[in-house]
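Each chain, letter by letter, is given below.
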Amino acid sequence: MSNTNITRIDEVSQYYAPAEKLGSIGMILFWLNTVLSFIMPYSASILGKEWSGMLQSIFLVLVLVYFSISQISSLYLVPRAELMRRKQLLSDSFGIPLSQEHTSLYYNNSFSPSVQRLGANTMENALFSKEIALRMLVRKRFIIVGYLLGWLLAFSLRHNNLELLTWITQLVFSGEIIAEWLKLEILRFRHERTYDELYSHFLHKLGQDSPRAIANVLNAFVSYEAAKSNAGILLSIDDFQKLNPILSERWKSICQKLDMQN
């Protein structure tokens, strides 16, 4: 996936576009809901009861829309895109087209179609995925810490506003914010473990046709795909584009060290 040559083709990327668009809308709704959750408890004294009630209704609708968008993305759009990517991965690994989408120069190793190529392709995916997830986690962790500090500050106020705490608690601990952070943490960890397992596999040069080698590669492949499926998270395209040159060079170095490239 690391080659940046102008002839690189990736028709599978079109399946990620809907999830990316919903993700952008969800991010806007997230911050809008965040702001409303903090100002809404004081809206009655500022805007009056009538407008405060309307604002509360708007907030509830926006939270519902945000939740719906999140579920549509994680339960349908991302799995559909990952299914097409998985077909493309297997097509490249074994030289057998499983879909009509065409890719070129998406994976970079010198193995001929085989289980070993599947292992190399999975290892390359795991390298990119774990590094992108780590970059995303820097922002996620910052947001989580900010929310926790805001919640503790609100709780420590002498005039403890139970309504404020209720909304903050709902927004922070309803499952969306904390759950997405935890899923991303687990996803990064599992991708890192898959990468380490495959690195060890190629480092010790297990025989390509040996039962142990085949079992190791298939186990790593299943673990990698299962991690993506369980998380239902779309990794950041922007972070991929920023990290791609660096990770491409790192992957070339790894391939040379492990004799995985011509």
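Below: a short report on this structure. Here the residue numbering is sequential within each chain, running from 1 through the sequence in written order. Only residues with pLDDT of at least 70 are given local features in this predicted model, and only at 80 or more are side-chain atom pairs given and counted; all residues enter the totals for whole chains, interfaces and linings. Side-chain numbers come from the whole structure's heavy atoms, not from hydrogens or water.

Before going further, it helps to examine helix α8 (residues 237–257). Under the 1.5 Å per step criterion, the end-to-end length of α8 is 28 Å for 21 residues, consistent within 8% with the ideal 30 Å. To get the bend at a residue, fit one axis to the 7 residues ending there and another to the 7 starting there, then take the angle between the axes. Helix numbers and strand numbers start at the N terminus; a helix is a DSSP run of H or I with at least 4 residues, a strand a run of E with at least 2. In α8, a bend of some 50° at N244 exceeds every other bend along the element, and P245, a proline, comes one to four places later. If you check which residues of α8 are buried, you get D239, F240, L243, N244, L247, S248, W251, I254 and C255. With a side-chain oxygen positioned 3.4 Å from the backbone nitrogen of D238, the residue opening α8 is S236. After α8 finishes, the residue D259 shows a positive phi value of roughly 55°. Residue count minus one, scaled by 1.5 Å, sets the expected span of a helix. Buried residues are those whose accessible area, probed at 1.4 Å on protein chains only, stays under 20% of the maximum for their type, while exposed residues exceed 50% and partly exposed ones sit between those limits. In the analysis that follows, any N or O atom pair within 3.5 Å is treated as a polar contact, provided that within protein one partner can donate a hydrogen and the other can accept it, and provided that, for residues neighboring in sequence, both atoms belong to side chains.

The grouping of I46, L47, W51, M54 and I58 at the surface amounts to a nonpolar patch, some 540 Å² of accessible area in total. Those elements that provide at least two residues to the nonpolar patch are α2 (43–47) and α3 (49–94). Tracing the chain through its elements places W51 in helix α3. Like-charged residues are merged into a patch within 9 Å and nonpolar side chains (Val, Leu, Ile, Met, Phe, Trp, Tyr) within 5 Å, provided each residue has over 30% relative accessible area and no salt bridge. Residue exposure ignores everything except the shown protein chains as possible cover, and the areas themselves are Shrake-Rupley values with a 1.4 Å probe. A carboxyl oxygen of Asp or Glu within 4 Å of a side-chain nitrogen of Lys or Arg is what we treat as a salt bridge.

The subject of this paragraph is the pattern of salt bridges. If you walk through the whole model with that rule in mind, you get twelve salt bridges. Here E180 ties to K140 by a salt bridge, and the two come within 3.1 Å at their closest N and O atoms. On the criterion of sequence distance, the pair formed by E180 in helix α6 (residues 176–203) and K140 in helix α4 (residues 115–156) is long-range, its members being 40 residues apart. The salt bridge involving R141 is made with E185; its shortest N-O contact spans 2.8 Å. Here R141, found in helix α4, pairs with E185, found in helix α6; they are 44 residues apart in sequence, far enough to count as distant. Taking the relative accessible area as the measure of exposure, R141 reaches 34% and is therefore partly exposed. Shared partners join several salt bridges into a network, and the residues in it are E82, R86, E225 and K228.

The next point concerns the packing of aromatic side chains. In summary, the pairing rule links any two rings of Phe, Tyr or Trp, Trp by its six-membered ring, whose centres are within 6.5 Å, and it sorts them by plane angle into stacked for under 30 degrees, edge-to-face for over 60 and tilted for everything else. Throughout the structure, instances matching the rule amount to six aromatic pairs. Ring geometry for Y195 and Y199: centres 6.1 Å apart, planes at 40°, overall tilted. Of this pair, Y195 and Y199 are both found in helix α6, four residues apart, which corresponds to roughly one turn of the helix. Feature note: the residues F30, W31 and Y66 constitute an aromatic cluster, connected by ring pairs. Across from the ring centre of Y195, 5.1 Å away, lies the NZ or CZ of K130, which sits over that ring. The criterion for a charge sitting over a ring is simple: Lys NZ or Arg CZ within 6 Å of the ring centre, and within 35 degrees of the ring normal.

Quick look at α3 now. Compared with an ideal rise of 1.5 Å per residue, which puts 46 residues at 68 Å, α3 spans 66 Å between its outermost C-alpha atoms and is within 8% of the ideal. Among the residues trailing α3, G95 stands out with phi positive, at a value near 70°.

Our next topic: the packing of α6 against helix α7 (residues 211–231). Angle between the axes and distance between the axes are the two parameters that describe a pair of packed helices. Fitting a line to C-alpha atoms yields each axis, with helices limited to the stretch in contact; the angle taken between N-to-C directions then spans 0 to 180 degrees. Running from N to C, α6 and α7 point in directions that differ by 165°, and their axes come no closer than 9 Å. In this view, α6 runs roughly antiparallel relative to α7, as classed from their interaxial angle. In this structure, the crossing between α6 and α7 has a hand that is left-handed. Where α6 approaches α7, its residues K183, L187, R190, H191, T194, E197, L198 and H201 are matched on the opposing element by A213, N216, V217, N219, A220, S223, Y224, A226, A227, K228, N230 and A231. Polar here means any residue other than Ala, Val, Leu, Ile, Met, Phe, Trp, Tyr, Cys and Pro, which are nonpolar, and Asp, Glu, Lys and Arg, which are charged; Gly is therefore polar. For the contact of α6 with α7, the class distribution of residues is nine nonpolar, seven polar and four charged. Should an angle fall under 35 degrees it is taken as roughly parallel, and over 145 as roughly antiparallel, whereas 65 to 115 is taken as roughly perpendicular and any remaining angle as oblique. If you view the pair so one helix is near and one far, a crossing is left-handed when the near helix is turned anticlockwise from the far one by less than a right angle, and right-handed when it is turned clockwise. Note on definitions: a residue-residue contact is assigned when non-hydrogen atoms from the two residues lie within 4.5 Å.

Moving on, we come to the nonpolar core. L29, F30, L36 and I177 are the most contacted members of the largest nonpolar core, which totals 16 residues. Those elements giving two or more residues to this core turn out to be α1 (17–39), α3, α4 and α6. Leave out the neighbours within four places in its chain, and L29 touches L62, V65, Y66 and I69. Here the nonpolar core consists of buried residues drawn from Ala, Val, Leu, Ile, Met, Phe, Trp, Tyr and Cys, with membership extended through side-chain atoms lying within 4.5 Å. Within the second largest apolar cluster, 15 residues are counted, among which are A120, M123, L127 and Y224.

For M136, the location among the structural elements is in helix α4. For the pair M136 and L235, spaced 99 residues apart in sequence, the C-alpha to C-alpha distance is 8.0 Å.

So, about the layout of surface pockets. Approximately 1,100 Å³ is the volume attributed to the largest pocket. Cavities and pockets are found on a 1 Å grid laid over the protein atoms alone: a cavity is a set of points where a 1.4 Å probe fits but cannot escape, a pocket is an open set with protein on both sides within 12 Å along at least five of seven lines, and a lining residue has an atom within 4 Å of such a point. Considering the residues around the largest pocket, the lining is formed by 38 residues, among which G23, M27, K140, E180 and L234 are closest to the centre. Listing elements by their share of the lining of the largest pocket, those giving two or more residues are α1, α3, α4, α6 and α8. With nine residues, the single largest contributor to the lining of the largest pocket is α1. For the lining of the largest pocket, a count of residues per class yields 19 nonpolar, ten polar and nine charged. Grid points are joined across faces, edges and corners, and a volume is the space filled by probe spheres set on the points.

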